[in-house]
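What follows is the residue order along each chain.
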Amino acid sequence: MTSAVRSDNSPALPETTGNSGSGGPVSRRSRRLGTTSLRVGAASIWLSVIVLLPLAAILVESAQGGWSHFWAAVTSNSAVASFQVTLTISLAVALINLVFGLLVAWVLTRDDFVGKRLVDAVIDLPFALPTIVASLVMLALYGPASPVNLHLQHTKWGVGIALLFVTLPFVVRSVQPVLLELDRETEEAAASLGANNFVILTKVILPALLPSLLSGAGLAFSRAIGEFGSVVLIGGAVPGKTEVSSQWIRTLIENDDRTGAAAISIVLLLISFAVLFVLRIIGSRAAKREELAK
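Reading guide: rules and limits
For every chain, the first residue of its written sequence is number 1, and the numbers climb from 1 along that sequence. Restriction of local features to residues with pLDDT of at least 70 applies here, the model being predicted, together with a cutoff of 80 or more for giving and counting side-chain atom pairs; totals for whole chains, interfaces and linings are based on all residues. In computing side-chain properties, one takes all heavy atoms of the structure into account and sets aside hydrogens as well as water. Secondary structure counts use DSSP, requiring at least four H or I residues in a row for a helix and at least two E residues in a row for a strand, with both numbered from the N terminus. Between buried and exposed lies partly exposed: a residue is buried under 20% and exposed over 50% of the maximum accessible area for its type, with that area taken using a 1.4 Å probe on protein chains only. Per-residue and other accessible areas follow the Shrake-Rupley method at a 1.4 Å probe size, with only the shown protein chains counted as cover for residues. Every axis corresponds to a line fitted to the C-alpha atoms, with the helix fit spanning only the stretch in contact, and the corresponding angles, defined between N-to-C directions, vary from 0 to 180 degrees. Note on angle classes: values under 35 degrees are labelled roughly parallel, values over 145 roughly antiparallel, values of 65 to 115 roughly perpendicular, and the remainder oblique. By definition, any crossing whose near helix is turned counterclockwise from its far helix by less than a right angle is left-handed, and any crossing with a clockwise turn is right-handed. A contact between two residues is defined here by any heavy atoms of the two lying within 4.5 Å. Ten residues, namely Ala, Val, Leu, Ile, Met, Phe, Trp, Tyr, Cys and Pro, are considered nonpolar, four, namely Asp, Glu, Lys and Arg, are considered charged, and the remaining ones, Gly among them, are considered polar. Every patch collects residues that have over 30% relative accessible area and no salt bridge, joining them within 9 Å if they carry like charges and within 5 Å if they are nonpolar side chains (Val, Leu, Ile, Met, Phe, Trp, Tyr). In the sections that follow, a salt bridge refers to a side-chain nitrogen of Lys or Arg positioned within 4 Å of a carboxyl oxygen of Asp or Glu. Each C-beta atom gives one direction from the helix axis, and the arc is the one those directions make. Centre distance within 6.5 Å is the pairing criterion for rings of Phe, Tyr and Trp, where only the six-membered ring of Trp is used; planes under 30 degrees apart are then read as stacked, over 60 as edge-to-face, and the remainder as tilted. By definition here, charges over rings are those cases where NZ of Lys or CZ of Arg is within 6 Å of the ring centre and within 35 degrees of the ring normal. What a helix is expected to span follows from its residue count: subtract one and scale by 1.5 Å. Throughout, the bend at a residue refers to the angle made by two axes, fitted to the seven residues ending there and to the seven starting there. Between N or O atoms, a polar contact is any pair within 3.5 Å; within protein, one atom must be a potential hydrogen donor and the other a potential acceptor, and residues adjacent in sequence are included only when both atoms are from side chains. Predictor confidence is given residue by residue as pLDDT, running from a minimum of 0 to a maximum of 100.

Side note on the overall build of the chain
- Broken down by element type, the chain carries eleven helices and zero strands.
- In the chain, the order of α-helices and β-strands from amino to carboxyl end is α-α-α-α-α-α-α-α-α-α-α.
- Burial statistics for the chain: of 294 residues in total, 33% are counted as buried.
- With the model as given, the accessible surface of the chain reaches about 18200 Å², and the carbon-plus-sulfur share is 66%.

Some points on the environment of A263
- Considering the arrangement of structural elements, one finds A263 in helix α11 (residues 258-293).
- Between the C-alpha atoms of A263 and V74, which are 189 residues apart in sequence, the distance is 6.5 Å.

Considerations on the packing of helix α7 (residues 156-181) against helix α9 (residues 197-225)
- Their axes nearest at 8 Å, the elements α7 and α9 cross at an angle of 160°. Taken together, α7 and α9 sit at an angle that is classed as roughly antiparallel. Considering only the axes of α7 and α9, their crossing is right-handed. On α9, the residues touching L163, V166, T167, F170, V171, S174, V175, V178 and L179 of α7 are A208, L209, S212, L213, S215, G216, A217, L219, A220, R223 and A224.
- When the residues that make up the contact of α7 with α9 are grouped by side-chain class, the tally is 14 nonpolar, five polar and one charged.

Here's the deal with a nonpolar patch on the surface
- A contiguous nonpolar patch, built from I45, W46, L47, V49, I50, V51, L52, L53, L55 and L269 and spanning about 950 Å² of accessible area, is present on the exposed surface.
- With nine residues, the single largest contributor to the nonpolar patch is helix α1 (residues 25-62).
- The class for V49 is partly exposed, based on a relative accessible area of 47%.

Some words on the environment of L268
- For L268, the location among the structural elements is in helix α11.
- As a C-alpha pair, L268 and G226 span 42 residues in sequence and 7.3 Å in three-dimensional space.
- Every residue in contact with L268, bar those within four places of it in the chain, is listed here: F83, I225, S245 and I249.

Re helix α2 (residues 66-74)
- When we look at burial in α2, the residues that qualify are F70, A73 and V74. Along α2, the residues classed as buried sweep out an arc of 90° about the axis, all on the same side.

Some words on unusual backbone geometry
- The phi torsion at H154 lies on the positive side, around 65°, for a residue other than glycine.
- Along the chain, H154 turns up in the loop between α6 (131-142) and α7.
- On the accessibility criterion, H154 (36% relative accessible area) is partly exposed.
- Its identity is not glycine, yet A237 carries a phi of approximately 55°, on the positive side.
- Tracing the chain through its elements places A237 in the loop between α9 and α10 (245-254).

Looking at the side chain of Q247
- For Q247, the location among the structural elements is in helix α10.
- By relative accessible area, which is 1% here, Q247 ends up buried.

What to know about the pattern of salt bridges
- Inspection of the entire model under this criterion finds five salt bridges.
- A salt bridge links R173 to D124, with the shortest nitrogen-to-oxygen separation between them at 2.9 Å. Taken together, the residues span a long stretch of sequence, with R173 in helix α7 and D124 in the loop between α4 (116-122) and α5 (125-128) at a distance of 49 residues.
- Its relative accessible area of 23% is what places R173 among the partly exposed residues.
- The exposure class of D124 is partly exposed, given its relative accessible area of 30%.
- Several salt bridges share partner residues, and in doing so they unite D120, D124 and R173 into one network.

Quick notes on the packing of aromatic side chains
- Within the structure shown, the criterion is met by four aromatic pairs.
- Ring centres of F273 and F277 lie 6.0 Å apart, and the angle between their planes is 15°; on these two criteria the pair is classed as stacked. With a gap of four residues between them, F273 and F277 both fall in helix α11, about one helical turn apart.
- A residue is classified by how much of its surface remains accessible, and F273, at 58% relative accessible area, is exposed.
- You can call F277 partly exposed: its relative accessible area is 48%.
- Taken together, the aromatic side chains of W67, F70 and W71 make up a single cluster linked through ring pairs.
- Over the aromatic face of W106 sits the side chain of R110, whose NZ or CZ is 4.5 Å from the ring centroid.

As for α9
- Spanning 29 residues, α9 covers only 36 Å between terminal C-alpha atoms, well under the ideal 42 Å at 1.5 Å per step.
- In α9, a bend of some 55° at L206 exceeds every other bend along the element, and P207, a proline, comes one to four places later.
- Two or three places before F198, at the opening of α9, N196 has a side-chain oxygen 3.3 Å from that residue's backbone nitrogen.

Notes on the confidence of the model for the chain
- Chain-level statistics for the chain give a pLDDT mean of 84 and a share of 87% at 70 or above.
- Within the model, pLDDT remains below 50 along residues 1-22, and this stretch shows eight contacts once partners closer than five positions in the same chain are excluded.

The structure is reproduced here in structure tokens:
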């Protein structure tokens, strides 16, 4: 047999592989890494400008007078009284929202009724409504000229209702999407095995909803301890009774004690961060247990 011979005298060209050239996997990987680095850099810069720099600024401001001034500011009688009012009312508001937020989310996802879309849209109203307007609404409804003959101005009940109004959407919007994605077949299987509604709720539904419930309650609590606008009129800032920490911060600023105001703010930030961090850990562990149970 004879071997094939090239008809011309041109040299043989080396073969190209799929890994070379601008369209190869290495090049594409490099572009992806470059794009990812750009996104991470942009996100980091934005987070630093919007969140980290303000937090650093208030931390520096709180340290201007030294540790002694910081401690004196956060342990003064007025500060401690405002912390007590803020934390007790905010905790009660978070617990109430935990129950009724779940109820509202359940109704919006599992029940059909006339005006359902309208109710679903109204849930987000506290997000869009200026908080000072919420305070005016509460004052008109529960003030001295209350049309329902219920006078709650300058009372803890009035502050609590105002905070319930502005924090309602947190639990509802945290739980609602989880309820929509919840597997109904598991509930039907439990019912077919003889489980009643209470057992299905406590053993099947609530364990799956626990992470979102805790997340919504934590956000509601954090929003409540820093709220100002919605309570400024209905609460009246009565020292030791309705004066929340945000109102005490305003008083310190008006008295030209910015360092003390920053110290109170740092305490509120630490409390909020600690609550969210702990609830996030509990929710993550509950989610892992739920995954293992499946």
